[in-house]
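For reference, the chains in residue letters:
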Amino acid sequence: MIEILYSTEDLSKMFRVGKSTIKRWTDEGKLQCFKTPGGHRKFKPSNVHEFINHYHYEIVSPLLPFARTSETIGQDALMMNGMPPVEQCFADAIKGRRQTIETAFAGMIAQGFSLATMFDQLLTPVIRTIHTRQLQQQISSIEFQIAKNTLIHGLIHFADMLPKAERKDVELYCLSVHEGMNEVELKAVEVLLDNMG
């Protein structure tokens with residue numbers, strides 16, 4: 001697999017700050033990088049995630065590299081640190097890492113998956129994992145609530161990044177099968193329907 005690296009320009013676009021700010025953060029030791037033989041700063045996805053998590057930095061655009069292939073965009077955006085995507089999203093949800101969840105959603109969309117497929121292949125299995133582990137008492141009720149709130153808020157923020165389709169006059173009904181996670185599933189359906197118009 002090709003290693004994905006960000007440039008100073010990539011990060012300045014991502015964080016919507018000047019290149020000099022990115023350079024200052026590296027000089028101050030806040031953001032780790034390495035320098036190429038030509039003196040250019042390069043950033044690993046793990047360094048960027050560490051910075052975001054440590055400084056609770058809100059990125060305006062999804063954490064996606066610029067000018068990459070759809071395959072490498074998806075690999076980079078998901079940034080699973082060797083864990084399967086569902087397990088990583090589960091871990092992020094119970095720890096309240098909304099931005100990382102949004103990044104995983106954005107990564108699947110960048111790979112060319114439809115919104116419905118992303119929900120089926122990532123969100124629904126994460127919901128199922130959270131629900132199962134709560135029933136098996138592998139996570140506390142507090143972790144369950146944090147996970148639920150993180151997923152709902154992640155969906156809300158992710159929806160703001162999606163283009164809106166023209167509204168159509170349609171009435172649909174949805175039945176949830178995952179007890180206790182109804183709000184997350186309903187928010188996902190709302191996002192999907194909004195996106196479809």
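The rules behind the values
- Residues numbered from 1 in each chain as written.
- Predicted model: local features only at pLDDT ≥ 70, side-chain atom pairs only at ≥ 80, totals over all residues.
- Heavy atoms only, no water.
- Buried < 20%, exposed > 50% of the residue type's maximum accessible area, 1.4 Å probe, protein only.
- Helix = DSSP H or I, 4+ residues; strand = E, 2+ residues; numbered from the N terminus.
- Core = buried A, V, L, I, M, F, W, Y, C linked by side-chain atoms within 4.5 Å.
- Contact = heavy atoms within 4.5 Å.
- Phe/Tyr/Trp six-rings, centres within 6.5 Å; stacked < 30°, edge-to-face > 60°.
- pLDDT = per-residue confidence, 0-100.
- Salt bridge = Lys/Arg side-chain N within 4 Å of Asp/Glu carboxyl O.

### Remarks on helix α5 (residues 85–94)
By the criterion of burial, α5 is predominantly enclosed, with eight of the 10 residues buried. Those residues of α5 that sit buried are V86, Q88, C89, F90, A91, D92, A93 and I94. Positive backbone phi, approximately 75 degrees, marks G96, located one or two places after α5.

### What about the nonpolar core?
F119, L123, I130 and L151 are the most contacted members of the largest nonpolar core, which has 31 residues in total. Considering every element that reaches this core, the biggest residue donor is helix α7 (residues 115–135), with eight residues. When residues no more than four places from it in sequence are discounted, the contact partners of L123 are F105, M118, L151, L155, V184 and A188. Residues I22, W25, F43 and V48 belong to the second largest nonpolar core, which totals 11 residues.

### Overview of the packing of aromatic side chains
Scanning all chains against the criterion turns up three aromatic pairs. Judged by centre distance (4.8 Å) and plane angle (35 degrees), the rings of W25 and F51 are tilted. Taken together, the positions of W25 in helix α2 (residues 19–27) and F51 in helix α3 (residues 45–55) put the pair 26 residues apart, joining distant regions of the chain. Comparing W25 with F51 shows no difference in burial state: the two are buried. Taking 5.4 Å as the distance between ring centres and 65 degrees as the angle between the ring planes, the aromatic pair formed by F105 and F158 counts as edge-to-face. Of the two residues, F105 sits in helix α6 (residues 98–110) while F158 sits in helix α8 (residues 141–161), which places them 53 residues apart along the sequence.

### Here we look at the environment of N47
Here N47 shows up in helix α3. For N47, the residues in contact, after removing those within four places along its chain, are L31 and Q32.

### Here's the deal with the confidence of the model for the protein
The predicted model of the protein averages 75 in pLDDT, with 72% of residues at 70 or higher. Within the protein, helix α4 (residues 70–78) has the poorest average pLDDT of any element, 44, and α2 the best, 94.

### Quick look at the pattern of salt bridges
Opposite charge on two side chains makes pairing possible when the charged atoms of those side chains draw close. Enumeration over the complete set of coordinates arrives at seven salt bridges. A salt bridge links E9 to K13, with the shortest nitrogen-to-oxygen separation between them at 3.5 Å. Taken as a pair, E9 and K13 lie in helix α1 (residues 8–15) at a separation of four residues, close to a single helical turn. For K13, a relative accessible area of 41% gives the class partly exposed. As a salt-bridge pair, D27 and R41 come within 2.9 Å of each other at their nearest N and O atoms. Taken together, the residues D27 in helix α2 and R41 in strand β3 (residues 41–43) connect sequence positions 14 residues apart. You can call R41 buried: its relative accessible area is 13%. One network of salt bridges, with partners in common, ties together R24, E28 and K30.

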